Each structure stands twice: as structure tokens, then as C-alpha cells.
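# Observations on the model geometry
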Amino acid sequence: MLDPNPQNGQKKLLIVLGAMLAITVIIGIVATVASP
């Protein structure tokens, strides 16, 4: 399921976008928890 497929550049792009979204969500949660 997670086999690397050089022909499929869309999967890599999707993973990158997903990682960026996850980081943004994590930063938002940390900011919410850290705020007084």
C-alpha cells in the first residue's frame, strides 16, 4: 500500500500537502494550549 512508485508524482505531492496540513494543525493546537 505504501510502495514507492516513481511514476506517481501525485502521491508524493499528496503526502507533502498532508504533512504541511498536519504541521499547521499541530502548531494551532500547541498555540491554543500554550495561550493563557
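Note that the structure is predicted; figures quoted are calculated from it, not measured. (Residues numbered from 1 in each chain as written. Predicted model: local features only at pLDDT ≥ 70, side-chain atom pairs only at ≥ 80, totals over all residues. Heavy atoms only, no water.)

### Quick look at the overall build of the chain
- A count of helical and extended segments in the chain gives one helix and zero strands.
- Per-residue burial for the chain yields a buried fraction of 0% across its 36 residues.
- In the form shown here, the chain has an accessible surface area of approximately 3,600 Å², with 75% of it arising from carbon and sulfur atoms. (Helix = DSSP H or I, 4+ residues; strand = E, 2+ residues; numbered from the N terminus. Buried < 20%, exposed > 50% of the residue type's maximum accessible area, 1.4 Å probe, protein only. Areas by Shrake-Rupley, 256 points an atom, 1.4 Å probe, with all protein chains shown as cover.)

### Focus: the UniProt feature "transmembrane region" (unreviewed entry) in the chain
- Here the UniProt-annotated "transmembrane region" (unreviewed entry) positions come out as residues 12–34.
- Annotated as residues 12–34, this span is 100% helix and 0% strand, and its ends, taken at the C-alpha atoms, are 33 Å apart. (UniProt positions renumbered as here; feature names shortened; annotations may be inferred.)

### Considerations on helix 1 (residues 9–34)
- Here helix 1 contains 26 residues, and its C-alpha end-to-end distance of 37 Å stays within 8% of the 38 Å for a straight helix at 1.5 Å per residue.
- Of all 26 residues in helix 1, zero are buried, a share of ten percent or less. (Expected span 1.5 Å × (residues − 1).)

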